[in-house]
Number of protein chains: 2
Amino acid sequence: VQELDAGGMRVRLSSGETISFNHLVVATGARSRSSGVSGEDIEGIFSLRNVSDAVGIKHYIRERKAKRAVIVGSGFVSLEMCEAFRKIGLETTVICRKNYPMSKLGEEFAGPILQQLQGEGVNFIPDTRLSSFDRSSSGAVWVHTDGASMEADLVLLGIGVVPEVALAEQSGIELGPTGAIAVDNHMKTNKEAIYAAGDCCESYHRISRRPSYAPLGDTANKQGRIAGANIGGQDLVFPGIMGSYCLKVFDLEVASTGFTPDEARKAGMQVRSATIKGKSRAHSYPGSVDLQIRLIADNENGRLLGAQAIGSEGAVSRINALAAGLAAGISLEELAYLDLAYAPPFSGAWDPIHIAAQKLLK
Amino acid sequence: VQELDAGGMRVRLSSGETISFNHLVVATGARSRSSGVSGEDIEGIFSLRNVSDAVGIKHYIRERKAKRAVIVGSGFVSLEMCEAFRKIGLETTVICRKNYPMSKLGEEFAGPILQQLQGEGVNFIPDTRLSSFDRSSSGAVWVHTDGASMEADLVLLGIGVVPEVALAEQSGIELGPTGAIAVDNHMKTNKEAIYAAGDCCESYHRISRRPSYAPLGDTANKQGRIAGANIGGQDLVFPGIMGSYCLKVFDLEVASTGFTPDEARKAGMQVRSATIKGKSRAHSYPGSVDLQIRLIADNENGRLLGAQAIGSEGAVSRINALAAGLAAGISLEELAYLDLAYAPPFSGAWDPIHIAAQKLLK
């Protein structure tokens, strides 16, 4: 699509052809964020957005017999790719601007992640900013930072995405405060008959009650279905997101829903939080492992505002229980004595959820 | 304790000693239900309530070199003991009055359980009532039923428990409609300063809004803590139970919260339910297995009333998410687009919870 004429309800394609529409869905997605440093177009520097990117990386590793990977950034994609790279035996180095990985979770959750990465042989370099890329004389890439420089056969940029909004913006479709396309709870833009869905648009964040940009696959799926249903004549509301996500870092489950304490404070809320270390199963049951949970609640009314969990099993499952409670406005009193399904292979009689809620109530 | 004088606030022990109290907790527990047939006291016939029962069974198997176990009943304890017996190589036969195991879940959930039992070499005999026990000439036990008779080296009675209420009843403490001790939401009985907690007393069922008898370890823990806190001067309310439970049947997770469709109908409610077969992880992710979920909702207001799940992973985790939602009064609309934490190792972008809720909304 070359041009979108919102008022005239038609699009002009690059072929010159014009197509009229009754309804339009803008689903232009997002693109990988550029590092903004010189040399980013050197061969061997990749982003990872889609299957063809993945295939490209795989082929490059095989053809070039790559041995050394440098990953820039320490979010989802970066941490997941650490596992992929280590599994095929690459020397893997992560360069991170903050002093620990997944910094938005805060330091008490970064510790176990860092330990996991280092246990798996990943070289983690904190407090380091990329400054430029260079081709090395051997055909590899020199990665220059404000600290050391290092040579890599392959560089992965895992520094986030930006919504692809140029077409929408040019046609007068409103962007929201996050820079992504603004939509109402029916996934409609400000333009009649034009909807948006997926990584190009915002989501209403149910905890902050503000628009947010959270380009995740499950959210995109939901938005697409809501937009389609409404275009098809239904009247479906997308209730919004709570910022739930999870990832697997080697053998570690990391999961979050709603606010972290930092996010709550940034949103101007008075909150308290409690972090506990529990067990994934009954203490006595074989295979029981440490499970760390943090709960965040509104100081005034005791409502749950968010939760994070980390452990080699059971973290995602606890966060999903808390996400369901969060969506329905559950209180700490409820959580403290919640009738969860209990059997020793799956939890203690007091689940980490109970223990954390009781600690926070004190 | 020989006698409890509720009005005089004292107990008389079997030693003759009398002890006065300011507060008393009745925590007399439950005892295994008797089969009521003749010969139940023959050596080799066991119940399983506590650790010493377990140790007794273990010693008996070892000393007698037991090879053939017959389990009467097909609830939690029976199914869990199938695994224990098969693991040490016993020929294991389950006798069941109903035509499938865990009959309260209904036939669509019994199928996978039966398949699992049979796959593990358990002999399941449906539609069969125990009629008597007899000592066999070889020193084993003859188990007679309304069908076949069979010889066993060891018999386990897994036919439930009854609350131990004799002492309470004699002292004028009120029993509820279930036959267990009636308590208020502070775990107090009808007698001043006398509390009850655990398997001897009832629990308020939050979905049926009636007293229920659900003697489970996690509930007993909660009741005990509530009773203790209130005696200690706090004002803590036990919100009650929702009938959540789970069990492991060999490699199968079975879990439930709230009502089954049958229980809802018995409680006089107009409900609808939907059962779906989803996957425990993203379809493409290694290790993803079938996961069956059933949701039950109130026909009038669309509120969730209960859920059951079964599969070799992920069933308990889904039921706990649904239990948290259930406690907080979640609607099907919420569940259909709930912001669960998503990553392919843990679920599809559409979780079985979403799929089931959407099916039920149609």
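This structure is a prediction, so every number in the text was calculated from the model and none was measured.

Section: the overall build of chain A
- Within chain A, the regular secondary structure consists of 9 helices and 22 strands.
- Rg of the C-alpha trace for chain A: 23 Å, near the compact-globule value of 21 Å for 362 residues, within the 12% margin.
- Relative to its full complement of 362 residues, chain A shows a buried share of 53%.
- With the model as given, the accessible surface of chain A reaches about 15700 Å², and the carbon-plus-sulfur share is 47%.
- Mean positive and mean negative side-chain charge positions of chain A (37 and 40 charges, respectively) differ by 2 Å.

A look at the nonpolar core
- Counting 128 residues, the largest nonpolar core has V26(A), I181(A), L295(A), L335(A), I181(B), L295(B) and L335(B) as its most contacted members.
- Those residues in contact with I181(B) that sit more than four places away from it in its chain are V26(B), V165(B), A168(B), I173(B), E174(B), L175(B), G176(B), T189(B), A196(B), C200(B), C201(B) and E202(B).

Quick notes on the sheet that holds strand 2 (residues 10-12) of chain A
All names here are of chain A.
- Across the sheet, 3 strands lie side by side as 1-2-3; this open sheet has antiparallel pairing. Two strands bound the open sheet, and with one partner strand each, they are strand 1 (3-5) and strand 3 (18-20). This sheet shows a mean twist of 20 degrees between the axes of neighbouring strands, independent of strand direction.
- Alignment of strand 2 against strand 3, held across 3 bridges, turns out to be antiparallel. Note that in strand 3 the partner of V11 across the bridge is I19.

Looking at helix 3 (residues 107-119) of chain A
All names here are of chain A.
- The end-to-end C-alpha distance of helix 3 is 18 Å, a good match for the 18 Å that 13 residues give at a rise of 1.5 Å each.
- Taken together, the buried residues of helix 3 touch helix 2 (76-87), strand 9 (123-125), strand 18 (245-249), strand 19 (252-258), strand 21 (290-298) and strand 22 (304-311).
- After helix 3 finishes, the residue G121 shows a positive phi value of roughly 85 degrees.

Topic: the side chain of T189(B)
Residue and element names in this part refer to chain B.
- Topologically, T189 is positioned in the loop between helix 4 (166-170) and strand 15 (194-196).
- Residue class for T189 comes out buried when judged on its relative accessible area of 8%.
- A distance of 3.1 Å separates a polar side-chain atom of T189 from the backbone nitrogen of K191.
- Residues in contact with T189, not counting those within four places in the same chain, are I173, I181, A182, V183, I194, Y195 and A196.

Parameters at a glance
- Residues numbered from 1 in each chain as written.
- Chains lettered and ligands numbered in written order.
- Predicted model: local features only at pLDDT ≥ 70, side-chain atom pairs only at ≥ 80, totals over all residues.
- Heavy atoms only, no water.
- Helix = DSSP H or I, 4+ residues; strand = E, 2+ residues; numbered from the N terminus.
- Rg over C-alpha atoms; globule rule 2.2 N^0.38 Å.
- Buried < 20%, exposed > 50% of the residue type's maximum accessible area, 1.4 Å probe, protein only.
- Areas by Shrake-Rupley, 256 points an atom, 1.4 Å probe, with all protein chains shown as cover.
- Lys, Arg positive; Asp, Glu negative; His and termini not counted.
- Charge placed at Lys NZ, Arg CZ, Asp CG, Glu CD.
- Core = buried A, V, L, I, M, F, W, Y, C linked by side-chain atoms within 4.5 Å.
- Contact = heavy atoms within 4.5 Å.
- Pairing = 2+ DSSP bridges.
- Axes fitted to C-alpha atoms, helices over the stretch in contact; angles between N-to-C directions.
- Expected span 1.5 Å × (residues − 1).
- Polar contact = N/O pair within 3.5 Å; in protein donor to acceptor, adjacent residues only side chain to side chain.

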